[in-house]
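Listed below are the residues making up each chain.
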Amino acid sequence: MDLVRYHRRHGVRVLLALLAVQFSFLASSCSEEAKEHTAPAILERDSVSMMTSYGVNTLISDSGVIKYRIVTERWDVNTIRQPNRWEFMKGVFFEQFDEQFHVQAYIQADTAWYYDKLKLWKLRGRVRIRNNNGLVYRSEELYWDGIRHELYSNVFSRVTTPERTLQGTYFRSNERMTHYTVSNSKGSFVPDEDKGDEQATAPADTTQQQPQAPMRPAARKHAKTTER
C-alpha cells in the first residue's frame, strides 16, 4: 500500500510539472506572436494630408467674386501642420480673372504651396506668367501675397514686354503686372536700340524640398521701376 501510495503521489507531481512547462511554453508563444504584429508608424502624423484630390479644375472666389481658376493634377490639403497649407507637388496652372470674368493673366509653376492663414503662395520651378498686355515673366521662384495683393521674388527673374526686357535678382509687382520693379539688374534694353547688350541666363534650380512658411520681405530701395 505504501508503494502504491508513493507512485500515485509521484505521478501527480510529474503531471503538475508537465502542465506547468506546457503553460509556460504557450504563454511565451502568445507573447512572441503579439510582438511580431507590432510595427512602428511609417509616417509622422503631421506629414499626412487630410485631403487629396486628383484631376482638379475649379474656380476660386474672393469676397464672393470669382478671381481664379486652378487646374492641377494633384491637390493635397494639410490642416494639421502649422501653418495650414495646400500643396501642389505635380504642378499648378492659374487663370486670373477681372471683375467682368475676363482672363487677365495665366500663371503656372512646377510646384506650389499655399499657406491659408497667411494667404501666401509660393511657386517654384519654371514659374511663368503671361498677361493680356503681352508681358511675360520667367523665374524659378515667386511669392504671391494675397493680403498685399503683390508678387515678389528674390531670385533671378526676367520680364519681357513688346518694348523691352528687364532682368534682375529682385522683382516686385502688383497682381496684374501693370506696375512692377526690377532691381539688381543684369541687363535692360530696348530691342531696336541696344541689340548688342549681353543678357544673363537664369541659374537652374531643381530642388523640391518642402519649405517652411516664408516671411514677407521688408521694404527696400529699387534700381528700376516700370509702369504700364
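Residues numbered from 1 in each chain as written. Predicted model: local features only at pLDDT ≥ 70, side-chain atom pairs only at ≥ 80, totals over all residues. Heavy atoms only, no water.

1. A word on the nonpolar core
Phase 1 of the analysis: Among the nonpolar cores identified, the biggest contains 28 residues, and Trp121, Leu123, Tyr137 and Phe171 are the most heavily contacted of them.
Phase 2 of the analysis: In this structure Tyr137 touches Val127, Arg128, Ile129, Leu142, Ser153, Ser157, Arg158, Val159, Phe171 and Met177, once residues within four positions along its chain are discounted. (Core = buried A, V, L, I, M, F, W, Y, C linked by side-chain atoms within 4.5 Å. Buried < 20%, exposed > 50% of the residue type's maximum accessible area, 1.4 Å probe, protein only. Contact = heavy atoms within 4.5 Å.)

2. Details of the packing of aromatic side chains
Phase 1 of the analysis: A full pass over the atoms with the stated rule returns 14 aromatic pairs.
Phase 2 of the analysis: A centroid spacing of 5.4 Å and a plane angle of 35° characterise the contact between Trp75 and Phe88, whose relative ring orientation is tilted. Note that Trp75 is positioned in strand 2 (residues 65-78) and Phe88 in strand 3 (residues 85-88), a separation of 13 residues in sequence.
Phase 3 of the analysis: What makes Trp75 buried here is its relative accessible area of 10%.
Phase 4 of the analysis: An angle of 90° between the planes, with centres 4.9 Å apart, marks the rings of Phe94 and Trp121 as edge-to-face. (Phe/Tyr/Trp six-rings, centres within 6.5 Å; stacked < 30°, edge-to-face > 60°. Helix = DSSP H or I, 4+ residues; strand = E, 2+ residues; numbered from the N terminus.)

3. Let's talk about the confidence of the model for the protein
Phase 1 of the analysis: In this model, the protein carries an average pLDDT of 74, and 60% of its residues clear a pLDDT of 70 or more.
Phase 2 of the analysis: When mean pLDDT is taken per element in the protein, strand 8 (residues 136-145) scores highest with 96 and strand 13 (residues 224-227) scores lowest with 49.
Phase 3 of the analysis: Below a pLDDT of 50 lies the segment residues 192-213, which in the model reaches 35 contacts outside its immediate sequence neighbourhood of four places, other chains included.
Phase 4 of the analysis: Every residue in residues 217-225 is under pLDDT 50, and counting partners more than four places away or in other chains gives 23 contacts. (pLDDT = per-residue confidence, 0-100.)

4. Points about the environment of Tyr115
Phase 1 of the analysis: Checked against the element boundaries, Tyr115 lands in strand 6 (residues 111-115).
Phase 2 of the analysis: The class of Tyr115 is buried, set by a relative accessible area of 0%.

5. Re unusual backbone geometry
Phase 1 of the analysis: Its identity is not glycine, yet Arg126 carries a phi of approximately 50°, on the positive side.
Phase 2 of the analysis: With respect to the secondary-structure elements, Arg126 resides in strand 7 (residues 120-131).
Phase 3 of the analysis: Here His149, not a glycine, exhibits a phi torsion of approximately 55°, which is positive.
Phase 4 of the analysis: Looking at where His149 falls in the secondary structure, it is placed in the loop between strand 8 and strand 9 (150-153).

6. Looking at the pairing of strand 9
Phase 1 of the analysis: Here strand 9 shows a buried face lined by Glu150 and Tyr152 and a second buried face lined by Leu151 and Ser153.
Phase 2 of the analysis: As paired strands, strand 8 and strand 9 are joined by three bridges and run antiparallel to one another. Considered in strand 9, the bridge of Asp145 is made with Glu150.
Phase 3 of the analysis: Hairpin connection, strand 8 to strand 9: the antiparallel pair is bridged by four residues, and His149 has positive phi, about 55°. (Pairing = 2+ DSSP bridges.)

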